[in-house]
Structure formats: structure tokens, C-alpha cells
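Architecture and fold: a report
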Amino acid sequence: MIIPDKIKIGGHQYTVELVPEIEREILGRVTHSSAKILLKNAEGAFSILFSTFLHEVIHSINFLYGPINLNHDESINRLAEALYQIFVDNPEIFKGEGIVI
């Protein structure tokens, strides 16, 4: 799997950037006004980086489509982890542009 440098969410093209630091020791941030997802490029497990990417994608979905009962970071973390595991466990379903397995 790779993390794409662009992702389309709800008709909007978001750019994805790996950065050395994000404020307050967080791992990711989405800025809707500039359609950017920032991910902390730190040493560590790729699974953490990818689940952080999914976390920010879910924030974007929640922002664009309105509240979907994912207003708490704990709920978003659980969904991001679950989606990551689905991607890993079912690679044949997710083959396509932007995902390389």
C-alpha cells in the first residue's frame, strides 16, 4: 500500500503532504480551506502513518457531509483502525488507482 499524494473526497481534490512536524505533537491534520492533509513524517510503523491518513480522510468526510456521529477523536480512531485492517485483510477489493498492494 502507498499513501497517495492526492485524494478525491466528496468531489474535492485534497493534496497529501508528509511534513517533519505538526503542532502539539499530533500525527496528522486536515485543512479544509486549502484542501490539504498533513501527515507527520516520523520514523515508525507504516501502519500508524496509514491509519493517521485514514483518520484525516474521515475528518474530511465528516466535514463535507455533515455530522455522521464521528465527532469524537476516539470514534474516528476506531473507524480509521478498522478501515486500515479492512484494506490489509481484503486487498483484492481495494486494488485500483491510488492504492498499490
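Residues numbered from 1 in each chain as written. Predicted model: local features only at pLDDT ≥ 70, side-chain atom pairs only at ≥ 80, totals over all residues. Heavy atoms only, no water.

1. Quick notes on the pairing of strand β1 (residues 6-9)
The side-chain alternation of β1 yields one buried face, formed by I7 and I9, and one unburied face, formed by K6 and K8. Between β1 and the antiparallel strand that follows it, strand β2 (residues 12-19), lie two residues; G10 among them carries a positive phi value of about 55°. (Buried < 20%, exposed > 50% of the residue type's maximum accessible area, 1.4 Å probe, protein only. Helix = DSSP H or I, 4+ residues; strand = E, 2+ residues; numbered from the N terminus. Pairing = 2+ DSSP bridges.)

2. Section: the confidence of the model for the protein chain
Summarising the model, the protein chain shows a mean pLDDT of 79, and 81% of its residues fall at 70 or more. Within the protein chain, strand β3 (residues 28-31) carries the highest mean pLDDT (96), whereas helix α2 (residues 73-89) carries the lowest (74). Low pLDDT (under 50) marks residues 97-101, which in the prediction has eleven contacts with non-local residues, meaning those over four places away or in another chain. (pLDDT = per-residue confidence, 0-100. Contact = heavy atoms within 4.5 Å.)

3. A closer look at the pattern of salt bridges
Any two side chains of opposite charge can pair, so long as their charged atoms come close to each other. One pass over the structure, following the stated rule, counts three salt bridges. For the salt bridge of E17 with K36, the shortest nitrogen-to-oxygen distance reads 3.4 Å. Placement of E17 in strand β2 and of K36 in strand β4 (residues 36-40) is noted, with a sequence separation of 19 residues between them. Classification of E17 as partly exposed rests on a relative accessible area of 30%. Exposure remark for K36: the relative accessible area of 32% places this residue in the partly exposed category. Of the charged contacts in the structure, one is a salt bridge between K40 and E21, with a shortest N-O distance of 3.8 Å. Here E21 lies in the loop between β2 and β3 and K40 lies in strand β4, a separation of 19 residues in the sequence. Assessed through its relative accessible area of 54%, E21 is described here as exposed. (Salt bridge = Lys/Arg side-chain N within 4 Å of Asp/Glu carboxyl O.)

4. A look at the pairing of β3
Taking every second residue as pointing to the same face, the buried face of β3 carries G28 and V30, while none of R29 and T31 on the other face is buried. Inspection of the sheet shows β3 paired to β4 by four bridges, in the antiparallel sense. Across the sheet, R29 pairs through a bridge with L38, a residue of β4.

5. Quick notes on the environment of L38
Checked against the element boundaries, L38 lands in strand β4. Separated by 16 residues in sequence, L38 and I22 place their C-alpha atoms 7.9 Å apart.

6. Observations concerning unusual backbone geometry
With a phi angle near 55°, R24 is a residue other than glycine that sits in the positive phi range. Note that R24 resides in the loop between β2 and β3. Overall, the relative accessible area of 67% leaves R24 in the exposed class.

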